[in-house]
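Structural overview
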Amino acid sequence: MVFKSRIKWIALFVLILSMGSLVVHLSMTKSSGVQLAYSARDNLWQDFDSLLGAQDFRNKHLWRPVKSLETLQPYANPRNSYPAPSSTNNRFIYAKIFGGFDKIRSSICDLVTISRLLNATLVIPELQESLRSKGISNKFKSFSYLYDEDQFIAFLKNDVIVTKTLPESLKAARKRNEFPLFKPKNSASPKYYLEDVLPKLKKANVIGLIVSDGGCLQSTLPASMPELQRLRCRVAFHALQLRSEIQVLGKKMVDRLRKSGQPFLAYHPGLVREKLAYHGCAELFQDIHSELIQYRRAQMIKQKFILEELIVDSRLRRDNGLCPLMPEEVGILLKALGYSQKAIIYLAGSEMFGGQRVLIPLRAMFPNLVDRTALCSTEELSELVGPETPLPENTFKMPPRKSDKQLKEEWNKAGPRPRPLPPPPDRPIYQHEKEGWYGWLTENDTEPSPSPMDLRNQAHRLLWDALDFAVSVEADVFFPGFNNDGSGWPDFSSLVMGQRLYERPSSRTYRLDRKVIQELFNITREDMYHPNRNWTLRVRKHLNSSLGESGLIRQSMLSKPRSFLSHPLPECSCRTSALEDSRQIRSDDGRFLYGGEDECPKWIKSAGVEKSKTDDGDQPDYEHDLLAEQSETEEEFAKSKVASAFDQDEEWDPND
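Report on the accompanying structure. (Residues numbered from 1 in each chain as written. Predicted model: local features only at pLDDT ≥ 70, side-chain atom pairs only at ≥ 80, totals over all residues. Heavy atoms only, no water.)

Considering the overall build of the protein
Along the protein, the regular secondary structure elements total 25 helices and 16 strands. By residue count, 47% of the 656 residues in the protein fall in the buried class. Within the protein, contacts between residues separated by at least 24 positions form 80% of all contacts whose residues are at least 6 apart in sequence. Total accessible area on the protein is roughly 34,100 Å²; 54% of this is exposed by carbon and sulfur atoms. (Helix = DSSP H or I, 4+ residues; strand = E, 2+ residues; numbered from the N terminus. Buried < 20%, exposed > 50% of the residue type's maximum accessible area, 1.4 Å probe, protein only. Contact = heavy atoms within 4.5 Å. Areas by Shrake-Rupley, 256 points an atom, 1.4 Å probe, with all protein chains shown as cover.)

Structure, rendered in structure tokens:
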């Protein structure tokens, strides 16, 4: 009995210890969980460094500037006699601009240039995507939703007189549509304005312009008008400053991307429904997205924007470089260049046609793929938008249920026997099946008019594109997914590339030829994730050469004739050291494709010397890195493959 009682006491003691230990562990877990939750909520980006991990810098040349372009410097000041605008000018030009961020930016530059050409006062343009009728905050007007009005007016005081509104004596006449109205194309020549528009401007003193093609003046102007081209540069790169709230948040985003002390790459996919429909790239997508592209293409054919058949071979278009690179292909190219799996990639663009599904392969290859939603809190984005009037949400209403009498009548009218079976009972229709595109495409043949919430979201896209533009310009590397598409409309990537070429010409900006890239992909399309060494070296050679002279020549030939802001050379730059005549290249019409920049004034040269002293003097040029890669032995290549295995998953194919 004594022995049994001792066992009971020992068992009871062990049970009490176990219960005490369990209570202590549960209390510790609860307190640590609450602490982690509050710390994560209060300091959203403090653990961003640990998320990214330690970056690999064996391939430092992938982030360094291109030395062969370091002699180029931004210089858009007038070179010849350039009189200030007349203060007694009483002619006015007002304009309405349609389109997104890229079309707005290009159109404003053209309007200022036209105002200078016609010696007229420009009224601040109205951006139709950001009118108050679109549901934006009452805190902003149309132009000030994106840009700083006061900076715009003050900077251009020596070029064009800009006013915020028409004089009161002319506002009533404008409402009565008494002034001539023009709808110029983006290929309109200076001759058109001097011969057709100027006489009516002199007669009425006021004209209106409706700009919907992303511009209203041809890109390449006569050789006698270089100052008008430089004026375009001053407008785009100096006068058009994003409003202060956008600039501050954009700088915060860049700082957060660089917080770990590592560089980052910006990538804009260019997957926009309008461009995909224009070029006939529907077969690159699946299911409902292909139908959406084809529907938009049919609309563009009906509106005479496209003079082609509705159904085209998308793969043939892709092979000709007329379709964007898919994110999966971009990931493979970056891997071939040697970018580590831990590389930080910023995803730009407010519209991602195809949704997050098309990003799955790229995210599998580069987990540190982030966008504005990952870098900014909801409160920061809401403050950027400003206080807005609440709108009713787009609620889906169930169609009325048919009565038994209606069903019986339909059955009797079904035709001669054998009649079809009666329809099965209606299954429940869920909310997600009726949201956005799915709602109308599955039930209607025509796209419904945008709701008030849709219009507000379109205005918000201007802000998201502005943020992405600011981050992409400051990125260490920029990789375009679909620039210079040949449609004649300005595109986001081309504007970013032009701004980077003006501000920091030596920054790493890939200017690839999509046709060449697709030819390379066709060689290894069946086994893209395991290419051979020769394929990798060919990809590196093309992409690295696109950073320098060959890429600039291609941009000058293909992109500049459609958008001057995408390639503002040689008009808006100078060289600290003269380029040899043998290296200067001209087109058949005498236009400079490479070279032709003036020599920089002394104050720019002295500033460049001071900057070069602070830079690392022993940074190798990418061309030397390319030669080193090509001369690498098989043994060295194998060693590099083994070393890189520590920086990436052993299998990075998402289909494996």
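What follows picks up the thread again.
Overview of the side chain of arginine 230
With respect to the helices and strands, arginine 230 occurs in helix H7 (residues 226-239). A distance of 2.9 Å separates a polar atom in the side chain of arginine 230 from the backbone oxygen of glutamate 571. In this view, arginine 230 contacts Ala76, Asn77, Arg79, Glu571, Cys572 and Asp598; residues no more than four positions away in its chain are not counted. (Polar contact = N/O pair within 3.5 Å; in protein donor to acceptor, adjacent residues only side chain to side chain.)

A closer look at the environment of serine 582
Here serine 582 is to be found in the loop between strand S13 (573-575) and strand S14 (585-586). The class of serine 582 is exposed, set by a relative accessible area of 69%. A sequence separation of 13 residues divides serine 582 from glycine 595, and the C-alpha atoms of the two residues are 10.0 Å apart.

Comments concerning the sheet that holds strand S1 (residues 72-74)
If you trace the three strands from one edge of the open sheet to the other, you get S1-S13-S16, paired in mixed fashion. Of all strands in the sheet, those bounded by a partner on one side alone are S1 and strand S16 (598-599). Of the pairings in the sheet, the one linking S1 to S13 comprises three bridges and is antiparallel in character. For proline 74, the partnering residue across the bridge sits in S13 and is serine 573. (Pairing = 2+ DSSP bridges.)

Observations concerning helix H12 (residues 327-337)
Among the eleven residues in H12, ten count as buried, and that is most of the element. Within the sequence span of H12, burial applies to Pro327, Glu329, Val330, Gly331, Ile332, Leu333, Leu334, Lys335, Ala336 and Leu337. Positive backbone phi, approximately 110 degrees, marks glycine 338, located one or two places after H12.

Quick word on a nonpolar patch on the surface
On the surface, Trp9, Leu12, Leu15, Ile16, Met19, Leu22 and Leu26 cluster together into a nonpolar patch covering about 780 Å² of accessible area. Structurally, the position occupied by tryptophan 9 is in helix H1 (residues 2-42). (Patch = residues over 30% accessible without salt bridge, like charges linked within 9 Å, V, L, I, M, F, W, Y side chains within 5 Å. Salt bridge = Lys/Arg side-chain N within 4 Å of Asp/Glu carboxyl O.)

As for the pattern of salt bridges
By the definition in use, this model includes 27 salt bridges. Between aspartate 513 and arginine 554 there is a salt bridge, with its nearest N and O atoms 3.8 Å apart. In this pair, aspartate 513 sits in the loop between strand S12 (508-509) and helix H20 (514-524) while arginine 554 sits in helix H22 (residues 549-558), placing the two residues 41 residues apart along the sequence. What makes aspartate 513 partly exposed here is its relative accessible area of 24%. Where glutamate 580 meets arginine 583, a salt bridge forms, and the shortest distance between an N and an O atom there is 4.0 Å.

Quick look at the packing of aromatic side chains
By the definition in use, this model includes 14 aromatic pairs. The interplanar angle of 75 degrees and the centroid separation of 6.5 Å between the aromatic rings of tyrosine 75 and tryptophan 603 together place this pair among those described as edge-to-face. You can see tyrosine 75 sitting in the loop between S1 and strand S2 (92-97) and its partner tryptophan 603 sitting in helix H23 (residues 602-614), a full 528 residues away along the chain. Seen from their ring centres, phenylalanine 469 and phenylalanine 492 are 6.1 Å apart, and the 85 degrees between their planes marks the pair as edge-to-face. (Phe/Tyr/Trp six-rings, centres within 6.5 Å; stacked < 30°, edge-to-face > 60°.)

Structural notes on the sheet that holds strand S9 (residues 344-347)
Ordered in space as S10-S9-S8-S11-S12, the five strands form an open sheet in which the pairing is parallel. Where the open sheet ends on each side, the last strands, each with one partner, are strand S10 (369-370) and S12. In this fold helix H18 (residues 452-474) packs onto strand S8 (264-268), S9 and strand S11 (477-480), with an angle of close to 135 degrees to the strand it touches most, S8. (Axes fitted to C-alpha atoms, helices over the stretch in contact; angles between N-to-C directions.)

Topic: the pairing of S11
Side chains Val477 and Phe479 of S11 all project onto a buried face; the interleaved residues Phe478 and Pro480 project onto the opposite face, where all are buried too. Where S11 lies against S12, two bridges are found, and the strand directions are parallel. For valine 477, the partnering residue across the bridge sits in S12 and is arginine 508. Crossover handedness for the path S11 to helix H19 (residues 492-503) to S12: right-handed. (Right-handed = clockwise from strand over helix to strand, strands pointing away.)

Digging into the state of the cysteines
Working definition of a disulfide: a covalent bond connecting the sulfur atoms of two cysteines. Counting across every chain of the model gives three disulfides. Paired by a disulfide, cysteine 233 and cysteine 572 hold their sulfur atoms 1.9 Å apart. Disulfide cysteine 233-cysteine 572: the torsion about the S-S bond is 85 degrees, which places it as right-handed. Of this pair, cysteine 233 sits in helix H7 while cysteine 572 is found in the loop between H22 and S13, placing the two residues 339 residues apart along the sequence. Between the sulfur of cysteine 574 and that of cysteine 600 lies a disulfide, 2.0 Å long from S to S. Every disulfide takes its handedness from the sign of the S-S torsion; for cysteine 574 and cysteine 600 that torsion is 95 degrees, giving right-handed. Here the residue cysteine 574 occupies a position in strand S13, and cysteine 600 occupies one in the loop between S16 and H23, the gap between them amounting to 26 residues. Assessed through its relative accessible area of 5%, cysteine 600 is described here as buried. (Disulfide = S-S within 2.5 Å.)

Topic: the nonpolar core
Counting residues in each nonpolar core, the largest one holds 84 residues, and the members touching the most others are Phe101, Ile108, Leu146, Tyr147, Phe152, Val235 and Tyr346. Ranked by residue count, the leading element in this core is H18, at nine residues. In contact with tyrosine 346, other than residues within four places in its own chain, are Met253, Leu257, Phe264, Leu265, Ala266, Tyr267, Val370, Asp371, Arg372, Leu375, Asp468 and Val471. Membership of the second largest hydrophobic core comes to 60 residues, among which are Cys323, Met352, Phe479 and Leu501. (Core = buried A, V, L, I, M, F, W, Y, C linked by side-chain atoms within 4.5 Å.)

Section: the side chain of glutamate 149
Mapped onto the elements, glutamate 149 comes out in helix H4 (residues 149-155). Taking the relative accessible area as the measure of exposure, glutamate 149 reaches 13% and is therefore buried. Beyond its immediate sequence surroundings of up to four residues, glutamate 149 is in contact with Ile124, Phe143, Ser144 and Lys164.

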